[in-house]
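Each chain, letter by letter, is given below.
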Amino acid sequence: MVQHSDGRFSAYDLPPPSYDPLLTQVDKGTPAGELLRRYWHPVLKASELDAEPRPVRALGEDLVLFRSGHGEVGAFHARCAHRGADLRYGKVEPQGLRCCYHGWLFDARGRCLEQPCEPDGGRLRDRVRQPSYPTRELYGLIFIYMGPLDQMPALPRYDVLETLAPNQEIRADDTSIGSGGPAIMPCNWFQAFENVMDPYHVFVLHSTFSSVQFSELLAVRPDISFAKTPGGVASTQVRRMRNGEDFVRVVEVLLPTVRISPHPAFTTPGPCTNISWYLPIDNTHTRIFTALRVPKWLPKFKFSEIPVYEGKSWFDMTEEERRRSPGDYEAQVGQGPVTFHSEENLATSDAGVALLRRLFLADLQRVRDGVAPTNVRLDDGPAYAVAAGHTFHPSAETARTQAP
Ligand code: FES
Ligand SMILES: [Fe+2]
């Protein structure tokens, strides 16, 4: 902080603000851009891939995804390999995607199958490849891998999404900002993601400052501890309830983009049954995809449509009501397109955020050193055993007083 010797302080004395490019910049060739390109990222719900090509932006690259008539999913650079027409205006055909400009047809792997304006349909067409990325479909989401092929990891699986009772199913959601908001957040992905390891904000922003947006239980000030885990960071939040029981809420992040957080509107006991991925669309836009295990009878709903203010969801609130009862969207987008780290004053409650940043920066170094970063596994292994969830048990204090 700039302060004169007599204690006076003026914002005029602040140096120009800046952000940490290592935490925030996702373009190819940047340290974080290269780290993020070592992982699979969901970019669309599988249900969004129908007969039309879908424009998608991921890690600062404009792409077009499609499902060919034969069922193969392609993820292309948006610019056609011929002369750059935007393939979002292309047509999906049984064998692949046809560009609107001169009709070149590409299969899902980018091989050029037809060049209708060339002699014999394109004698040299085998020399052309439309730039494309590998794709996978899992948990109702389309994942793509945008990194070096020889480093392509296995697509991780999660035990809570693998073991389904006969009456359960997996659903995909792409609007799961904590207390609601539009699917795309106009802010940097890291400031959104580090919020997961900022559990202190729950009892202020979501409970005592705004109206109670989630469960009343979360309005209790918790005791919180953070721990480094093999895959990232976990927070353990203990809230003493009026009946003397402890409500224990565990939230995990897995590097670099995975959130495992029981939805705070539901405080039922048990493991967390939803997994979320933060997609850095580019340096100033973020989208959260979620796969949830739910009972089949549960009516279709979106996380963002859960009521958070006088029975209204974020979408039904007026601007005035959002000022009166702001939530995650207002707090995180309000930090700016890319938050200024130079102007922060981190405190003890930011221990989880600080730990997450340190681990992320350590992974950047691993990639620079040619070492696999956290959670990259080249071969299929067992599904990740989720630790996040809610438990209720007698507090140590209650147990003592009830002891014979
Ligand atoms: S630009 Fe696509 S076929 Fe010519
Ligand atoms: Fe929140």
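Computed from a predicted model, the values in this text were never measured in an experiment.

Calculation notes
- Residues numbered from 1 in each chain as written.
- Chains lettered and ligands numbered in written order.
- Predicted model: local features only at pLDDT ≥ 70, side-chain atom pairs only at ≥ 80, totals over all residues.
- Heavy atoms only, no water.
- Donors = N, O, S within 2.8 Å, 3.2 Å for Na, K, Ca; no water.
- Tetrahedral: all angles 85-135°; square planar, octahedral: opposite > 155°, others 65-115°.
- Phe/Tyr/Trp six-rings, centres within 6.5 Å; stacked < 30°, edge-to-face > 60°.
- Helix = DSSP H or I, 4+ residues; strand = E, 2+ residues; numbered from the N terminus.
- Buried < 20%, exposed > 50% of the residue type's maximum accessible area, 1.4 Å probe, protein only.
- Pairing = 2+ DSSP bridges.
- Contact = heavy atoms within 4.5 Å.

A. Examining the coordination of the iron ion (ligand 2) more closely. Around the iron ion (ligand 2), the donor atoms from the protein are H201 (NE2), H206 (NE2), D328 (OD) and D328 (OD), and they sit 2.1 to 2.4 Å away. Coordination at the iron ion (ligand 2) is irregular, judged from the 4 donor atoms that bind it and the angles of 57 to 152° they form at the metal.

B. Expanded view of the packing of aromatic side chains. The full count for this structure, using the stated rule, is 14 aromatic pairs. Where F247 meets F392, the ring centres are 4.9 Å apart and the plane angle is 15°; that geometry is what we call stacked. Here F247, found in strand β16 (residues 245-254), pairs with F392, found in strand β21 (residues 389-394); they are 145 residues apart in sequence, far enough to count as distant. By relative accessible area, F392 is classed as partly exposed at 26%. Here the aromatic rings of W314 and Y329 are separated by 5.1 Å at their centres, their planes lie at 65°, and the arrangement is edge-to-face. Of this pair, W314 sits in the loop between β20 (285-295) and α6 (319-324) while Y329 is found in helix α7 (residues 328-333), placing the two residues 15 residues apart along the sequence.

C. Structural detail: the sheet that holds strand β8 (residues 112-114). Here 4 strands make up an open sheet; going across it, the order is β5-β6-β7-β8 and the pairing antiparallel. The open sheet terminates on both sides in strands that have one partner only, identified here as β5 (91-92) and β8. Across 2 bridges, the pairing between strand β6 (residues 97-98) and strand β7 (residues 105-106) is antiparallel. Within the sheet, the bridge partner assigned to R98 lies in β7 and is L105.

D. Just the sheet that holds strand β4 (residues 73-77), in detail. If you trace the 4 strands from one edge of the open sheet to the other, you get β2-β3-β4-β9, paired in antiparallel fashion. Across the chains shown, the open sheet's two edge strands, defined by having one partner strand only, are β2 (54-58) and β9 (132-133). Across 5 bridges, strand β3 (residues 61-67) lies against β4 in antiparallel orientation. Bridge pairing links F66 to G74 in β4.

E. View of unusual backbone geometry. At the junction of L255 and P256, the peptide bond is cis and its omega measures out at -5° in the coordinates. Here P256 shows up in the loop between β16 and β17 (258-260).

F. Structural view of helix α5 (residues 200-209). A large share of α5 lies buried, amounting to 7 of its 10 residues. Residues Y200, H201, V202, F203, L205, H206 and S207 constitute the buried set of α5. Contacts from the buried residues of α5 go to β14 (223-228), β15 (232-240) and α7.

Just distances and angles here, no functional claims.
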